[in-house]
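# An overview of the molecular structure
For reference, the chains in residue letters:
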Amino acid sequence: RHRSVSRGLGDVYKRQVIDALYLGKTEAGTLYGKTGTGQVDHKNVNGWFTGCLETSGNVYYFAVNIQSDSDASGSRAAEIAEKILKETPDLFVIS
């Protein structure tokens, strides 16, 4: 009995994480992602964005990492990923 309860809770937590990473639908599938920013001395020196695009037949994973003396952030990494995905035909048109 304890195992079924923990499995049920695990499914709830899994769904919450998936929902938190959801970014939107595209013509090709569903986009999920997460950003992060690293700071040193109050300067954004590292930014990353990682995620996946689920299509009807595949899942495409990607990651972008940028480093600089300042102005590197997760949002800038996400902008770079978005630009690359937009340049990939039929992958990144959020509706």
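Below, the structure is looked at part by part. Not measured: the values here are computed from a predicted model. (Residues numbered from 1 in each chain as written. Predicted model: local features only at pLDDT ≥ 70, side-chain atom pairs only at ≥ 80, totals over all residues. Heavy atoms only, no water.)

Moving on: the environment of Asp71. With respect to the helices, strands and loops of the structure, Asp71 is situated in the loop between β4 (59–67) and α2 (74–86). We classify Asp71 as exposed; its relative accessible area is 52%. A C-alpha to C-alpha distance of 7.1 Å links Asp71 and Lys43, two positions 28 residues apart in sequence. Ignoring anything within four residues of it in the chain, the contact list for Asp71 reads Asn44 and Arg76. (Helix = DSSP H or I, 4+ residues; strand = E, 2+ residues; numbered from the N terminus. Buried < 20%, exposed > 50% of the residue type's maximum accessible area, 1.4 Å probe, protein only. Contact = heavy atoms within 4.5 Å.)

What follows concerns α2. Across its 13 residues, α2 extends 18 Å between first and last C-alpha, which sits within 8% of the 18 Å expected from 1.5 Å per residue. Within α2, burial applies to Gly74, Ala77, Ala78, Ala81 and Leu85. Buried residues along α2 cover an arc of 100° about the axis, so they all sit on one side. Exposed residues on α2 whose side chains face more than 90 degrees from its buried face are Glu79, Lys83 and Lys86. Considering only its buried residues, α2 is in contact with β2 (29–40), β3 (43–55) and β4. (Expected span 1.5 Å × (residues − 1). Arc of directions from axis to C-beta.)

That is the geometry; function is a separate question.
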